[in-house]
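Results of the structural survey
The primary structure of each chain is shown beneath.
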Amino acid sequence: INTPNIPLPWFTHQHDVEVQATANPKLILLFDNGNTRRLTNSSAISRGQVLSINEQALTADIHTNVNFPFYSSGYGTAQMLDNGNFWWQAGAAGGQNGPEPTRSYEYLPSGFSGVTSYAIDFADTSYRSFRLNSASGF
């Protein structure tokens, strides 16, 4: 299993698991809140992850792992966009201390470097978001 120098590579308390069944190899996207990692490490952060699945070999490799600069105790979105980029939303960035900001990011499919293409923050929590194409092609 490919876990390229990622401490505690596997997700916990994940949100919005999406399967890209037509991708080759098959991909699973998710927002990893990381609550279990947070119990043993108070500085643990949330992540966006994409797993590459080989059903014949019964293996799952980490295809993309994006470390966010915050922890989100709940909620989240994972979406593969038509342009091949990934969209992740943290619905409660900062923990569980009342209204927390929602942070949403579009990342280029660049493996582990986490290159941001677009970002937007909102002042309150949000359970889910969807990145849509505009009619003008943006």
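Residues numbered from 1 in each chain as written. Predicted model: local features only at pLDDT ≥ 70, side-chain atom pairs only at ≥ 80, totals over all residues. Heavy atoms only, no water.

**A short note on the packing of aromatic side chains**
This is how the line gets drawn: Classification of ring pairs uses Phe, Tyr and Trp, with its six-membered ring standing for Trp, and accepts pairs whose centres are within 6.5 Å; under 30 degrees between planes counts as stacked, over 60 as edge-to-face, and the remaining range as tilted. Helix and strand labels come from DSSP, where a helix needs a run of H or I of at least four residues and a strand needs a run of E of at least two; each type is numbered from the N terminus. Relative accessible area decides the class of each residue, using a 1.4 Å probe on protein chains only: under 20% of the type maximum gives buried, over 50% gives exposed, and in between gives partly exposed.
Applying the stated criterion across every chain, the model contains four aromatic pairs. Measuring from centroid to centroid gives 6.2 Å for F68 and W88, while their planes differ by 70°, and the two rings are edge-to-face. Linking F68 in the loop between β4 (59-67) and β5 (77-80) with W88 in strand β6 (residues 86-90), this pair joins segments that are 20 residues apart in sequence. Side by side, F68 and W88 carry an identical accessibility label, which is buried.

**A few points about the environment of T64**
Worth spelling out the cut-off: Polar contact criterion, stated in full: a pair of N or O atoms within 3.5 Å, where within protein one must be able to donate a hydrogen and the other to accept it, and residues adjacent in sequence count only if both atoms are side-chain atoms.
Structurally, T64 is set in strand β4. Taking the C-alpha atoms as reference, T64 lies 6.9 Å from L51; in sequence the two are 13 residues apart. A distance of 2.8 Å separates a polar atom in the side chain of T64 from a polar atom in the side chain of H63.

**Brief notes about the pattern of salt bridges**
To keep things clear, this is the line we draw: By convention in these notes, a salt bridge is any Lys or Arg side-chain nitrogen within 4 Å of a carboxyl oxygen on Asp or Glu.
Under the criterion given, the structure shown has three salt bridges. With a closest N to O distance of 2.8 Å, R47 and D32 form a salt bridge. Separated by 15 residues along the polypeptide, R47 in strand β3 (residues 47-54) and D32 in strand β2 (residues 26-32) bring together distant segments of the chain. You'll find R47 and D32 in the same group, each marked buried. Linked through salt bridges whose partners overlap, the residues forming this network are D32, R37 and R47.

**Overview of the sheet that holds strand β1 (residues 14-20)**
As a reminder, the rule being used: Two strands make a pair as long as DSSP finds a minimum of two bridges between them. Orientation is described by lines fitted to C-alpha atoms, with helices fitted over the stretch in contact, and by angles between N-to-C directions that extend from 0 to 180 degrees.
Spatially, the four strands line up as an open sheet ordered β1-β2-β3-β4, and their pairing is antiparallel. Both outer strands of the open sheet, β1 and β4, are each paired with one neighbouring strand and no more. Ignoring strand direction, the axes of neighbouring strands in this sheet form an average angle of 20°.

**A look at the environment of A44**
The following threshold applies: By definition, residues are in contact when any of their heavy atoms lie within 4.5 Å.
Mapped onto the fold, A44 is located in the loop between α1 (35-40) and β3. Separated by ten residues in sequence, A44 and G34 have C-alpha atoms that sit 7.4 Å apart. In contact with A44, not counting residues within four places along its chain, are R37, R38 and Y71.

**A closer look at the nonpolar core**
Quick note on the threshold: For this analysis, a nonpolar core means a set of buried residues of the types Ala, Val, Leu, Ile, Met, Phe, Trp, Tyr and Cys, connected via side-chain atoms within 4.5 Å.
With 14 residues, the main nonpolar core has L29, V50, F68, F70, W88 and Y107 as its most contacted residues. Every element with two or more residues in this core is listed here: β2, β6 and β7 (102-107). Counting six residues, the second-largest nonpolar core is a separate cluster that includes I6, L30, L51 and I62.

**Re the sheet that holds β7**
Ordered in space as β5-β6-β7-β8, the four strands form an open sheet in which the pairing is antiparallel. The sheet terminates laterally at β5 and β8 (116-122), the two strands that pair on one side only. Looking at each pair of strands side by side, their axes are set apart by 10° on average, direction ignored. Sheet analysis places β5 next to β6, joined by four bridges and oriented antiparallel.

**Brief notes about the pairing of β1**
Bridge analysis of β1 against β2 gives five bridges, and the strand direction is antiparallel. Within β2, the position partnered with H15 by the bridge is F31. Counted between consecutive antiparallel strands, the loop separating β1 from β2 contains five residues.

Note that all results are geometric; they support no functional claim without further evidence.
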